[in-house]
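# Examining the three-dimensional arrangement
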Amino acid sequence: MATKMEVNTDGRVRKRLTLKEKKEILRLYPKQICMNEVMRLFDIKSRTTVVRLEKKREFFLSVQENDKISKKIHRKRKFEEVEEILLDFVEENNKRDMPISRNDLKQEALNIARRLQIEGFTGSNGWIQKFMKRNDLGSISLHVVGEEAAASQEVADNWIANDVPNITQPYRNENSFNCDETGTQYRALPKKTLARKGQEKCGKVNKERLSVLFCCSAAG
């Protein structure tokens, strides 16, 4: 059976593996060769292809090579092409530490269907939920990298109560000023993202912000 090549409407070439090739991949991976080597030998463009094949290892190794079963294996699930590209989108954003939500997932799925000119796809909440279940995706909290306290609260309270009055005593209220800095995180990106369940590390919370300095005299 010859290897089939498919061209998506966005110009990407996608290879459809034969049953014989799938069996050979599962025989070699992961005990004899690594994933990168598998992808090179069989001209596979996405790691997702190998991961999904590994999940169905027992099924493919047990199937006999005949035309009837081969056709059944290659029968495409409805909107499968949207699913494959959407999964690549999730993995690419995880690599770039870009958080994605279910709404992002739905919008991207609709965009993919529109680019592929696929009719009847609505990206319903039910389809998104099943997509996440099929690909073992869940919501993962991003790592928060914060600033540790520079001084204890007790030391700060003591300084305010005892030292500040002595420091400010020689000055009039209108000549005494206090200022403090804060920030506004104007991008407001999600603090969680979608990734494979059990994935230990997946990006950091975006802390890009505008700094604001407030200043006021003791006279108000």
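From a predicted model like this one, the values you see are computed outputs, not experimental measurements.

## Remarks on the environment of Leu 213
Note that Leu 213 resides in strand 6 (residues 210-217). Among the residues examined, Leu 213 registers a relative accessible area of 61% and is labelled exposed. As for Leu 213 and Glu 181, which are separated by 32 residues in sequence, their C-alpha atoms are 4.4 Å apart. Residues within four places of Leu 213 in sequence aside, it is in contact with Cys 179, Asp 180 and Glu 181.

## Thoughts on the packing of aromatic side chains
Between two aromatic rings, the relevant description is the distance of the centres plus the angle of the planes. Overall, the coordinates contain four aromatic pairs when judged by the stated rule. Taken together, a centroid distance of 5.3 Å and an interplanar angle of 70° make the contact between Phe 59 and Phe 60 edge-to-face. Judged by relative accessible area, which is 45%, Phe 59 ranks as partly exposed. Ring plane angle 10° and centroid distance 5.6 Å describe the contact between Trp 127 and Phe 131, whose orientation is recorded as stacked. In this pair, Trp 127 and Phe 131 both sit in helix 8 (residues 125-134), four residues apart, roughly one turn of the helix. We classify Trp 127 as buried; its relative accessible area is 13%. A connected cluster of aromatic rings, assembled from ring pairs, spans Phe 79, Phe 121, Trp 127 and Phe 131.

## What to know about helix 8
Residues of helix 8 that are buried include every one of Trp 127, Ile 128, Phe 131 and Met 132, and no others. The buried residues of helix 8 all sit within an arc of 135° when viewed along its axis, so they share a single face. Those residues of helix 8 that are exposed and aimed more than 90 degrees away from the buried face are Asn 125, Lys 130 and Lys 133. Immediately downstream of helix 8, the backbone of Asp 136 shows phi near 55°, a positive value.

## With respect to the pattern of salt bridges
Inspection of every chain in the model, using the stated rule, returns six salt bridges. Ionic pairing is found between Arg 27 and Glu 24, a salt bridge with its closest N-O pair at 2.5 Å. Of the two residues, Arg 27 and Glu 24 both sit in helix 1 (residues 19-28), three residues apart, roughly one turn of that helix. We classify Arg 27 as partly exposed; its relative accessible area is 45%. Of the charged contacts in the structure, one is a salt bridge between Glu 174 and Arg 172, with a shortest N-O distance of 2.6 Å. One connected set of salt bridges, linked through shared partners, spans Arg 52, Glu 83 and Arg 134.

## Focus: the pairing of strand 4 (residues 177-184)
Across the eight residues that make up strand 4, only a small minority, zero, are buried. Here strand 4 pairs with strand 6 via eight bridges, running antiparallel. Along strand 6, the bridge assignment pairs Asn 178 with Cys 216.

## Some details on the confidence of the model for the chain
Chain-level pLDDT for the chain is 77 on average; 74% of the residues reach the 70-or-more range. Averaged pLDDT values over the elements of the chain bottom out at 46 in strand 1 (residues 4-7) and peak at 91 in helix 7 (residues 102-115). Counted against residues more than four places away or in other chains, residues 69-75, with its pLDDT under 50, gives 16 contacts.

## Things to note about a nonpolar patch on the surface
Together, Trp 159, Ile 160 and Ile 167 make up an exposed nonpolar region whose accessible area comes to about 330 Å². Counting through the fold element by element, Trp 159 comes out in helix 9 (residues 153-168). With relative accessibility at 45%, the residue Trp 159 sits in the partly exposed group.

## A word on the packing of helix 6 (residues 80-95) against helix 8
Contact pair helix 6 / helix 8: the axes reach a minimum separation of 12 Å and the direction vectors enclose 65°. Viewed along their axes, helix 6 and helix 8 form a crossing whose handedness is right-handed. Packed against helix 6, whose contacting residues are Val 82, Glu 83, Leu 86 and Leu 87, the element helix 8 presents Trp 127, Phe 131 and Arg 134 at the interface. A per-class count over the contact of helix 6 with helix 8 returns five nonpolar, no polar and two charged.

The rules behind the values
Residues numbered from 1 in each chain as written. Predicted model: local features only at pLDDT ≥ 70, side-chain atom pairs only at ≥ 80, totals over all residues. Heavy atoms only, no water. Helix = DSSP H or I, 4+ residues; strand = E, 2+ residues; numbered from the N terminus. Buried < 20%, exposed > 50% of the residue type's maximum accessible area, 1.4 Å probe, protein only. Contact = heavy atoms within 4.5 Å. Phe/Tyr/Trp six-rings, centres within 6.5 Å; stacked < 30°, edge-to-face > 60°. Arc of directions from axis to C-beta. Salt bridge = Lys/Arg side-chain N within 4 Å of Asp/Glu carboxyl O. Pairing = 2+ DSSP bridges. pLDDT = per-residue confidence, 0-100. Patch = residues over 30% accessible without salt bridge, like charges linked within 9 Å, V, L, I, M, F, W, Y side chains within 5 Å. Areas by Shrake-Rupley, 256 points an atom, 1.4 Å probe, with all protein chains shown as cover. Axes fitted to C-alpha atoms, helices over the stretch in contact; angles between N-to-C directions. Left-handed = near helix turned anticlockwise from the far one by under 90°. Nonpolar A, V, L, I, M, F, W, Y, C, P; charged D, E, K, R; others polar.

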